[in-house]
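Single-letter residue listing:
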Number of protein chains: 4
Amino acid sequence: MIGYAFMGKAHSNAWRNVASYFDVPAFEQIVLVGRDAAGVANAAAKYGWAETATDWREVISRDDIHIVDICAPGWMHAEIAIAALEAGKHVLLEKPLANTLAEAEAMTAASVEARAAGVQSMVGFNYRRVPALVLAKELIAEGRVGNVRHVRAAYLQDWLADDQAPMTWRLRKETAGSGALGDIASHAIDQVLFLLGDQVTEVSGRTHTFTSHRPGPAGPEEVTVDDAAWATLSLASGAIASVEVSRVATGRKNSLNLEIYGDKGSIVFDLENLNELGFLDATVPVREQGFRRILVNEPEHPYLEAWWPRATSSAGNIPSPTKSATSCWPSPPARHHRRRSPTAWRSSAS
Amino acid sequence: MIGYAFMGKAHSNAWRNVASYFDVPAFEQIVLVGRDAAGVANAAAKYGWAETATDWREVISRDDIHIVDICAPGWMHAEIAIAALEAGKHVLLEKPLANTLAEAEAMTAASVEARAAGVQSMVGFNYRRVPALVLAKELIAEGRVGNVRHVRAAYLQDWLADDQAPMTWRLRKETAGSGALGDIASHAIDQVLFLLGDQVTEVSGRTHTFTSHRPGPAGPEEVTVDDAAWATLSLASGAIASVEVSRVATGRKNSLNLEIYGDKGSIVFDLENLNELGFLDATVPVREQGFRRILVNEPEHPYLEAWWPRATSSAGNIPSPTKSATSCWPSPPARHHRRRSPTAWRSSAS
Amino acid sequence: MIGYAFMGKAHSNAWRNVASYFDVPAFEQIVLVGRDAAGVANAAAKYGWAETATDWREVISRDDIHIVDICAPGWMHAEIAIAALEAGKHVLLEKPLANTLAEAEAMTAASVEARAAGVQSMVGFNYRRVPALVLAKELIAEGRVGNVRHVRAAYLQDWLADDQAPMTWRLRKETAGSGALGDIASHAIDQVLFLLGDQVTEVSGRTHTFTSHRPGPAGPEEVTVDDAAWATLSLASGAIASVEVSRVATGRKNSLNLEIYGDKGSIVFDLENLNELGFLDATVPVREQGFRRILVNEPEHPYLEAWWPRATSSAGNIPSPTKSATSCWPSPPARHHRRRSPTAWRSSAS
Amino acid sequence: MIGYAFMGKAHSNAWRNVASYFDVPAFEQIVLVGRDAAGVANAAAKYGWAETATDWREVISRDDIHIVDICAPGWMHAEIAIAALEAGKHVLLEKPLANTLAEAEAMTAASVEARAAGVQSMVGFNYRRVPALVLAKELIAEGRVGNVRHVRAAYLQDWLADDQAPMTWRLRKETAGSGALGDIASHAIDQVLFLLGDQVTEVSGRTHTFTSHRPGPAGPEEVTVDDAAWATLSLASGAIASVEVSRVATGRKNSLNLEIYGDKGSIVFDLENLNELGFLDATVPVREQGFRRILVNEPEHPYLEAWWPRATSSAGNIPSPTKSATSCWPSPPARHHRRRSPTAWRSSAS
């Protein structure tokens, strides 16, 4: 794994625990890579990595490494990913794929070539495996919402609401590529297309930067990425999806909001209620129609498993969605391990 | 650890991960103990235990074992706990403490004696460390709700709603001690007393079994524990708390509901919205009073940590409440590791 | 109508408007009665009454009066109601029926006698006709929740949360009869029995006064009614209902909360969300079970009526529940006008 | 009043009751006008009108008529309004103002001329006086949300979700002017501008018709108005508002949703929770920030008024928002009667 900050910590958690919850081989956490030797050593100890390194090029040439998990900033994605693929390593990297179209195209070419040799590559669209959204996808695929027409996707955060918050690399186009658009609209758009199995045919939108300059160490610096973005997407199916993202929506910490309206029903979801799916079935009598709040992660009480003796090994729980969920990159033959039937029990009595 | 079913899995998760989130030494998961050799081997492999055993007595005599975590059913608590304490091992066990008053008294005596020799013992009242309830306790302690008067605690589940669900050891008094009363009222009552720092002076209540017989392998068997229980507790402070628990509340999967009304404010919580605390401040102008929905687990965006360079080691996140939270048994000098400032980020963009 | 304060205003609103929403004759608002001539004149002008009077005895002897609506305090109920019934007037009065058992028995005797002569009498349990609760009753009657077992009813208010709020007649046993018990538990209990069509076979409970003295004009005075009350009711059906009421639940303005758990489904309601009914259907696959939020008052868009030409007269809307809803007293032959199919539209576009 | 269907009923309710709740003179409901003599007679009897007529021209020439309330369809607005203003009558009409820009300009000219002669004119943007939105406006005006930046307004309905619903005059451009845009985006946009006291400087958007043909009496007919519309509005203050409206959002009956994000706080509102305002104060410590659910219509218990004797006449309650709320047209010198302090009590114990 390359990088050990925010996403590095999250991915470590996933690698460390996935085999306790899913029927997969236990992965070995071999090397953690970072630029600062002391920092990476500290992180490796905390997060369960056996070794550390400061040069990612050395690491990807090792024979005992089969997967390279890139948690480094976006401007490093292309170089590392292409090198890793060429070295025959499977690659997982975080969204957004790249900071520029040219990088993305080069990465896609490398990925296609690698795949021909059996080497996989994926972008970590982790929300695809949130249990509530897995259920949403199932309901949509089964026709439970009918023909989808009006779709709304918003991803609202507020960490830039303070206009005196200082300048950072995430607010410069050269390092971050874009602002809310690449960082969170990427999730919102991916989720719309993934849930519906649909494609964009036309897009219209705008971006805006509410705070044009922010304090840097040596005075005000220009913010060169967007604080917010809006778009409507015409989809191949005939549906239209609005997408709206913001980093200045005061009070919204991490609210990915989805609303999908079909002619037989509707689905709503808010990431701030991670384990709930709202579903309205418009085929029941109008008198009793209403959005159901389905607690997706708690379908069955764990005691129920104990009614009669049974093998413990079949008790596959998923206490909380992890970063194991991913999406294939650039175009998917999905290779995820089958998710067990959801008998999870978020937090409960002994 | 003794036992590897529901709680065994949850505790394993905690032992395996606690050092990645808190400033504690990494614990070694040495031996998992269970009656069925194959079952315990399978569980140990999944949950990260180095060895397995089928005889708990042998294990607690080992010198390399310092902590015994008892996840076995309640009727085994007293025997194992007392033996472990006498062997000089720290003991963590699940609630309820014991199935009978006599057992509880014997365990308490053993615990007091052990403590004099520096050996700790605790009951795993895990909800005490749910971040939303930690905040509730802080607000109450700071006087933000004023003098508490009316308190409501309910713990509602529905796994016995089907009256044809079969008989199980949990529905027999000899094995389970009690029904909803010991299993979930124990949590509700503990939480009331813990949050308020209060004590019961008087109690009045009743229990009820809605389904008196359930199908067993050889025909109907009598259910000898309660399906539901109700009580009012007079507290030393002058407050009165109602407690209501049920296993037949259809649609309530794991709803621990708390409402605390004081003369300066109120607090509400529902475990089915694990990361939210409701708080009403009655000292603000009446025009703007209302229950706030505080998203407790998401106080700060992780990107904020990256404004200026800083040591990675201070980034202590708590992605979800774990079983590390415990309560001291029998009467507490609290010994919990200090919880880091809550910079957690439940699930978010990279 | 006798009395013109809180309930007098509400009942006036109902008499003035009922014929615009229901197929009933328009009632004539003939005389408003109150002790203070100026006050009653002012109220009559505002609320649509043709005349005023200060002596209720004179009014109930008038031939042009057919209905006496008693909105006076509870200690006057028995005298007025019995006199009115004996004068052959139909009587509507507010809950609670009476301040003492003896009064209630005398009133019941008078009511039974009057009914034999075709004179009706009713207690105004207005929540019985809240559209969401009408739907709840229908669903229960149709077996949609199955056999009801666990029932919870709470009525929480906070107007006595301030322990320096002054003494009032409502806090004296001689004038008010009781506190929260008669004032709001009466509603909660009525609603449980009405919704379930059930009867109490056994009751156990307690009351409590948190603030024993309150400032009066000449110093502290003793509060002689309850601030809060708790009970469990065993019902003839085998269900058990808890009832909990409070006047010190800070932040709860008028929260009548009902939860009804059966073996096929559950129903929840909170008066603070007046137009919503929560319904969980436990007969659908577990994957999609969840409490539905049914917006009871908005089943159909008013534009739908305009698809093809139709008679305007059939457009019976019910914009908000009024005090027209009542319950029969002492034992009912219901005589309410049939409620029109709910095509109401709370507030909407033109 | 001209017209007696949906809005005619709602306006009648307001005229009939306004003097019971506000300090205004009681209005006389003189003539109800409609094309069908029998229909209008029936409606007049139900809604409290003294006379009926079928020719609006005759009525507006009467000397005893001072106000003309136009509840007729949009294509009749211009002709009636201009004639009424020229006859010296105050005019209230429903939104949208007109079906075409030319009509709107002619009406505005007539309105400006009339105003010089002391004749008022208003468009009925009724949501402006919803108590929760009145509070929102106050909080914004007082700076409680700081500088507003990101604003979201959506108005979602579902009465066209069924693509077999028949053709109607509301779906033809010649009669309806537009679809969701004029009917409900008018409300959403008015509310944004009214709450913020702001103006649009730039707009970008699109409309869409999901169902292009609908069954008419003689076969399919073309729908010539929009089913849904999207826009972003740049505002003079620097804020940006998104507006999104739909008639095919299955399960949304009448959901006007507003979200206003400033640098000191945020406000949210949903018309389906008519009496609630969400407010987040970002100036309190981050630990206790959260959206408050303010129950706007229930600030004080009615019993509190009875603490000590007081004049009844000051007890001005507002049980539910009525159509009395209006907005000035074309540009306002507001002339609304002062709203009383909100001591309303939606529905409660006697």
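As the structure is a prediction and not an experimental result, all values here were calculated from the model.

All told, the structure shown has 76 salt bridges over all chains when counted by the stated rule. A salt bridge links D281 of chain A to R144 of chain A, with the shortest nitrogen-to-oxygen separation between them at 3.5 Å. Here D281 of chain A, found in strand β14 (residues 276-281), pairs with R144 of chain A, found in the loop between α6 (131-141) and β6 (148-156); they are 137 residues apart in sequence, far enough to count as distant. A salt bridge links E142 of chain B to R287 of chain D; the nearest nitrogen and oxygen atoms lie 2.9 Å apart. Taken together, the residues span two chains, with E142 of chain B in the loop between α6 (131-141) and β6 (148-156) and R287 of chain D in the loop between β14 (276-281) and β15 (291-295). Overall, the relative accessible area of 27% leaves R287 of chain D in the partly exposed class. Among the ionic contacts, a cluster of salt bridges with common partners joins E138, E142, R144, D281 and R292 of chain A together with R287 and E288 of chain C.

As a further point, take the interface of chain D and chain B. At the junction of the two partners, chain D supplies 17 residues and chain B supplies 17 residues. With both sides pooled, the region where chain D packs onto chain B buries about 1,400 Å², and carbon together with sulfur makes up 42% of that total. Interface area lost by chain D to chain B is led by R287, E288 and R292 of chain D, which between them contribute 47%. Taken together, the connections running from chain D to chain B amount to eight salt bridges. Here chain D and chain B share 10 residue pairs in polar contact (both at pLDDT 80 or more) between them. Only α6 (131-141) and β15 of chain D provide two or more residues apiece to the side of chain D that touches chain B. With four residues, the single largest contributor to the side of chain D that touches chain B is β15 of chain D.

A word on the environment of A228 of chain B. When you line up the elements, A228 of chain B lands in strand β10 (residues 228-235). In this structure A228 of chain B comes out as buried when scored by relative accessible area, which is 0%. Between the C-alpha atoms of A228 of chain B and V286 of chain B, which are 58 residues apart in sequence, the distance is 38 Å. Among all residues touching A228 of chain B, those that are not within four sequence positions of it are A180, T207, H208, F210, V245 and S246 of chain B together with H150 of chain C.

This part is about the relation of the copies chain D and chain B. The two chain copies are related to each other by a rotation about an axis together with a translation along it. With an axial shift of 0.0 Å and an RMSD of 0.1 Å, the rotation relating chain D to chain B amounts to 180 degrees. Given the turn and translation reported, the copies of this chain are related as if by a two-fold rotation axis. Considering only C-alpha atoms, the residue of chain D closest to the rotation axis is R292 of chain D, which sits at 1.9 Å.

The rules we used
- Residues numbered from 1 in each chain as written.
- Chains lettered and ligands numbered in written order.
- Predicted model: local features only at pLDDT ≥ 70, side-chain atom pairs only at ≥ 80, totals over all residues.
- Heavy atoms only, no water.
- Salt bridge = Lys/Arg side-chain N within 4 Å of Asp/Glu carboxyl O.
- Helix = DSSP H or I, 4+ residues; strand = E, 2+ residues; numbered from the N terminus.
- Buried < 20%, exposed > 50% of the residue type's maximum accessible area, 1.4 Å probe, protein only.
- Contact = heavy atoms within 4.5 Å.
- Buried area = accessible area lost by both parts, 1.4 Å probe.
- Polar contact = N/O pair within 3.5 Å; in protein donor to acceptor, adjacent residues only side chain to side chain.
- Least-squares fit on C-alpha atoms with pLDDT ≥ 70 in both.

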